[in-house]
Number of protein chains: 2
Amino acid sequence: MSHEKAVTACVVVIGNEILSGRTQDANLSYLALALNSVGVRVREARVIPDDPDTIIATVNEVRAKFDYVFTTGGIGPTHDDITSLCIARAFGVPLILHPEAKALLEMHYRQGELNEARLRMAHVPEGAELLLNPVSRAPGFRIGNVFVLPGVPLVMQAIFDGFKHILAGGKTVLSRSITCALLEGRIAADLGTIQDGYPCVEIGSYPFFGQGAYGTCLVLRTTDQALLDAAAAEVRAMIRKHGGEPSPENTGA
Amino acid sequence: MSHEKAVTACVVVIGNEILSGRTQDANLSYLALALNSVGVRVREARVIPDDPDTIIATVNEVRAKFDYVFTTGGIGPTHDDITSLCIARAFGVPLILHPEAKALLEMHYRQGELNEARLRMAHVPEGAELLLNPVSRAPGFRIGNVFVLPGVPLVMQAIFDGFKHILAGGKTVLSRSITCALLEGRIAADLGTIQDGYPCVEIGSYPFFGQGAYGTCLVLRTTDQALLDAAAAEVRAMIRKHGGEPSPENTGA
């Protein structure tokens, strides 16, 4: 990894349903990829329950530690949607009815449908800016460096895509993955030597098995194109030295 | 949620590949379900990078806070497999070559294949107990209340299933999910009233949309069967009151 100051983020997934195993989180991987595309690196993620003390303490810890924080979940109309109130408490401000958010919901719901429960979704911490929701109108919001998003993946993604251009990112991480049919224990020593020679390139080694195939996927990540090319060439040569054939290279995460 | 003392766990997923978005974690949901089946509740999860300071600080924080800690990832043969060394440092003990682990690897590999890189997988913190791996032999280990497992899901699951009977769990959480074709904003107020009447039953509300269907899934969780039955009956009646039809109930996560 290159040594210039990276712009960092923490993703906080809020929801008992993830911790019970009922639901498989899909938001972390989406945000990780999407944030990297604008030069922001997810350095940590937390999955926490719908518990006020835990939400408040976690948000206050990570907003001090990372450049950006993205929360998902808990901003709907029901009793278990407590994220907005907890964020307000974390920032020490009141939760207020936001006139623009209320107007958005009034346009979305038919006469008489905007009940008290749904109006919860128009409440944000004082001083927060709305993050518009093109799908179902109820907005997310930003306060300080914390971006508060819903848990439903399609809605979360639509909101994120609407504001991601405002994030002040650093350099984008470039990556290259090279697969070979060699077990990682066989190439581990030589791979470590290559890693030692390229301290600014993060080299990950991921074994795979199953369906009659086995091998190792090597992933190189750095912000520097020339270093990436040079390290990838050494990895390919190393694979051939051990009798393997490097795959065509894939770019991506 | 019932108020007797629950047995709690934290899952720590270690790996740059999850934070880059390259790989979607599958271990948290498996562990959450499997731990609940033996009466242990996952209360938090962390996803952290292959960074020694972060691993050491996180493990020391969460092992003091939860009854059990389960780490996944970073115990293979390559340079980026640093979990075992970090766990040793977190506990302030040396990393040692474990004779039994070495013997297991010697049986698994052919003559001459057990190189120095692979021998890394036979190193554990002093005082650790091995967790046997029926798939690929390289073991996990337990030290104190921390269980150290590999990241490859099939191998992780095989090791976990081999030791889960030794965990001292509390009561198993029972759950019931009821789906209806009503939007959650419509039933939110009445659902909140039911939740107020059953403080020991955790009631979650999860909206769904797409493929022409929409509605809400209500999930009730508690350790008390009678409370679960009573709360579920109230939820069904409430759905009917709003003109909906409750689905057959599913048990599970």
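Scoring rules and cut-offs
- Residues numbered from 1 in each chain as written.
- Chains lettered and ligands numbered in written order.
- Predicted model: local features only at pLDDT ≥ 70, side-chain atom pairs only at ≥ 80, totals over all residues.
- Axes fitted to C-alpha atoms, helices over the stretch in contact; angles between N-to-C directions.
- Helix = DSSP H or I, 4+ residues; strand = E, 2+ residues; numbered from the N terminus.
- Parallel < 35°, antiparallel > 145°, perpendicular 65-115°, else oblique.
- Left-handed = near helix turned anticlockwise from the far one by under 90°.
- Contact = placed C-beta atoms within 7 Å.
- Nonpolar A, V, L, I, M, F, W, Y, C, P; charged D, E, K, R; others polar.
- Pairing = 2+ DSSP bridges.

**Let's talk about the packing of helix 3 (residues 52-65) of chain B against helix 4 (residues 83-91) of chain B**
Residue and element names in this part refer to chain B.
Alright, step 1. Contact pair helix 3 / helix 4: the axes reach a minimum separation of 9 Å and the direction vectors enclose 50°. Judged by the angle between their axes, helix 3 and helix 4 are oblique. Crossing handedness for the pair helix 3 and helix 4: right-handed. Every residue of helix 4 that contacts helix 3 at Pro52, Ile55, Ile56, Val59 and Asn60 is listed here: Thr83, Cys86, Ile87, Arg89 and Ala90.

**Regarding the interface of chain B and chain A**
Interface extent is often summarised as the accessible area lost during association of the parts.
Alright, step 1. Listed by partner, the interface residues are 46 residues for chain B and 46 residues for chain A.
Alright, step 2. The set of elements that each furnish at least two residues to the side of chain B that touches chain A consists of helix 1 (16-19), helix 2 (27-37), strand 2 (40-48), helix 6 (116-119), helix 8 (184-197), strand 10 (202-210) and strand 11 (213-222) of chain B.
Alright, step 3. A class-by-class count of the residues in the side of chain B that touches chain A yields 20 nonpolar, 15 polar and 11 charged.
Alright, step 4. The sheet contact formed by strand 2 (residues 40-48) of chain A and strand 2 of chain B spans 3 bridges and is antiparallel. Note that in strand 2 of chain B the partner of arginine 46 of chain A across the bridge is arginine 46 of chain B.

**What to know about the packing of helix 2 of chain B against helix 7 (residues 153-163) of chain B**
Residues and elements named next belong to chain B.
Alright, step 1. Helix 7 packs onto helix 2 with a crossing angle of 20° between their chain directions and a minimal axis gap of 11 Å. With respect to helix 7, the axis of helix 2 lies roughly parallel. For the pair helix 2 and helix 7, the sense of crossing is right-handed. Facing helix 2, whose interface residues are Asn27, Tyr30, Leu31 and Ala34, helix 7 presents Pro153, Met156, Gln157 and Phe160.
Alright, step 2. Residue composition of the contact of helix 2 with helix 7, grouped by class: 6 nonpolar, 2 polar and no charged.

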